[in-house]
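# Structure at a glance
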Amino acid sequence: MKELFPAKQVMGFVFSLVLTVVAMLVYFTNMSFSVGMIVLLVTAFAQALLQLVVFMHAGETKDGQSIYTTIFYGAIIALVTVFGTLLILLWDM
C-alpha cells in the first residue's frame with residue numbers, strides 16, 4: 001500500500017533545516033576555530049547521510065547493500081588520499 005503523506009521526506013526536510021541552522025550558528029556566534037570546524041564537519045556528514053538515505057532512497061532497492069559498500073569504499077579512498085597528502089607534503093615524513 002502506498003502512503004498518502006510522505007512523512008519520511010517531510011521529517012528529513014525538517015531535520016535538514018535544523019542541521020543548516022546549526023551550521024549557520026557557527027558563523028553568527030563567537031565559536032573558536034576548532035569548535036566551529038568540528039560542528040561544521042559533523043553537520044556536513046550528517047547532512048550528506050540524510051540526503052543519501054532519505055532523498056536519494058539508497059537503501060530502498062534490492063542493491064542497497066552494494067550502494068552503501070561503494071560509498072564506504074569511496075570514503076576510505078578519500079580519507080587515505082587526504083591524510084596521505086598531508087603526511088607527505090606537510091608533516092615531512
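It should be noted that the structure appears before, not after, this text.
Now for a look at the structure at hand.

Scoring rules and cut-offs
Within any chain, residue numbers begin from 1 and follow the written order of that chain's sequence. For a predicted model such as this one, the threshold for reporting local features is a pLDDT of at least 70, and the threshold for listing and counting side-chain atom pairs is 80 or more; totals across whole chains, interfaces and linings nevertheless cover every residue. Water and hydrogen atoms were dropped before computing side-chain values, which therefore reflect all heavy atoms in the structure. Only DSSP runs of H or I reaching four residues or more are called helices, and only runs of E reaching two or more are called strands; each is numbered from the N terminus. Restricting the calculation to C-alpha atoms gives the radius of gyration, and the globule rule supplies 2.2 Å times the number of residues raised to the power 0.38. Summary of the burial criterion: residues with accessible area below 20% of their type's maximum are buried, those above 50% are exposed, and those between are partly exposed, where the area comes from a 1.4 Å probe applied to protein chains only. What makes two residues a contact is simply this: any of their non-hydrogen atoms within 4.5 Å. What a helix is expected to span follows from its residue count: subtract one and scale by 1.5 Å. Within 3.5 Å is the distance limit for a polar contact, defined as a pair of N or O atoms, with the added protein rule that one can donate a hydrogen and the other accept it, and that residues adjacent in sequence qualify only through two side-chain atoms. Pairing of aromatic side chains requires ring centres within 6.5 Å, counting the rings of Phe and Tyr and the six-membered ring of Trp. Pairs whose planes differ by under 30 degrees are stacked, by over 60 edge-to-face, and all others tilted. Patches draw on residues past 30% relative accessible area with no salt bridge. Two like charges within 9 Å are joined, as are two nonpolar side chains (Val, Leu, Ile, Met, Phe, Trp, Tyr) within 5 Å. Methods summary: accessible areas were calculated by the Shrake-Rupley approach with a probe of 1.4 Å, and residue burial reflects only the protein chains presented. Take a side-chain nitrogen of Lys or Arg and a carboxyl oxygen of Asp or Glu: if they are within 4 Å of each other, that pair is a salt bridge.

### What about the overall build of the chain?
Helix and strand counts for the chain come out as 3 helices and 0 strands. Start at the N end of the chain and walk to the C end: the helices and strands fall as α-α-α. In terms of C-alpha radius of gyration, the chain reaches 18 Å, well past the compact-globule figure of 12 Å for 93 residues. Residues classed as buried in the chain amount to 13% of the 93 residues present. Long-range contacts, defined here as pairs at least 24 residues apart, represent 49% of the contacts in the chain between residues at least 6 apart.

### A short note on the environment of L25
With respect to the helices and strands, the residue L25 is situated in helix α1 (residues 7–28). Spatially, the C-alpha atoms of L25 and L41 are 13 Å apart, while their sequence positions differ by 16 residues.

### Considering α1
If you check α1, its first and last C-alpha atoms are 31 Å apart, about what 22 residues at 1.5 Å a residue would give, namely 32 Å. For α1, the secondary structure elements touched by its buried residues are α2 (33–55).

### Brief notes about the side chain of S16
Structurally, the position occupied by S16 is in helix α1. On the basis of relative accessible area, S16 is assigned to the buried category, the value being 11%. A distance of 2.8 Å separates the side chain of S16 from the side chain of Q47, its partner in a polar contact. Those residues in contact with S16 that lie beyond four places of it in its chain are Q47, L50 and Q51.

### Quick notes on the packing of aromatic side chains
The way to describe two aromatic rings as a pair is by their centre distance and the angle between their planes. In total, this model carries 1 aromatic pair according to the counting rule given. Both rings, one in Y27 and one in F28, keep their centres 5.0 Å apart while their planes meet at 80°; by these two values the pair is edge-to-face. For the pair formed by Y27 and F28, the shared burial category is exposed.

### Quick notes on the side chain of T43
Within the element layout of this structure, T43 appears in helix α2. Accessibility expressed as a relative area gives 9% for T43, which makes it buried. At 3.1 Å, the side chain of T43 and the backbone oxygen of L40 are in polar contact. Ignoring any residue separated from it by four or fewer positions in sequence, one finds T43 in contact with L19, V22 and A23.

### Some words on a nonpolar patch on the surface
Nonpolar side chains collect at one region of the surface, where F72, I76, L79, V80, V82, F83, L87, I88, L89, L90 and W91 lie side by side and expose about 1,200 Å² of accessible area between them. With respect to the helices, strands and loops of the structure, V82 is situated in helix α3 (residues 64–89). For V82, a relative accessible area of 44% translates into the label partly exposed.

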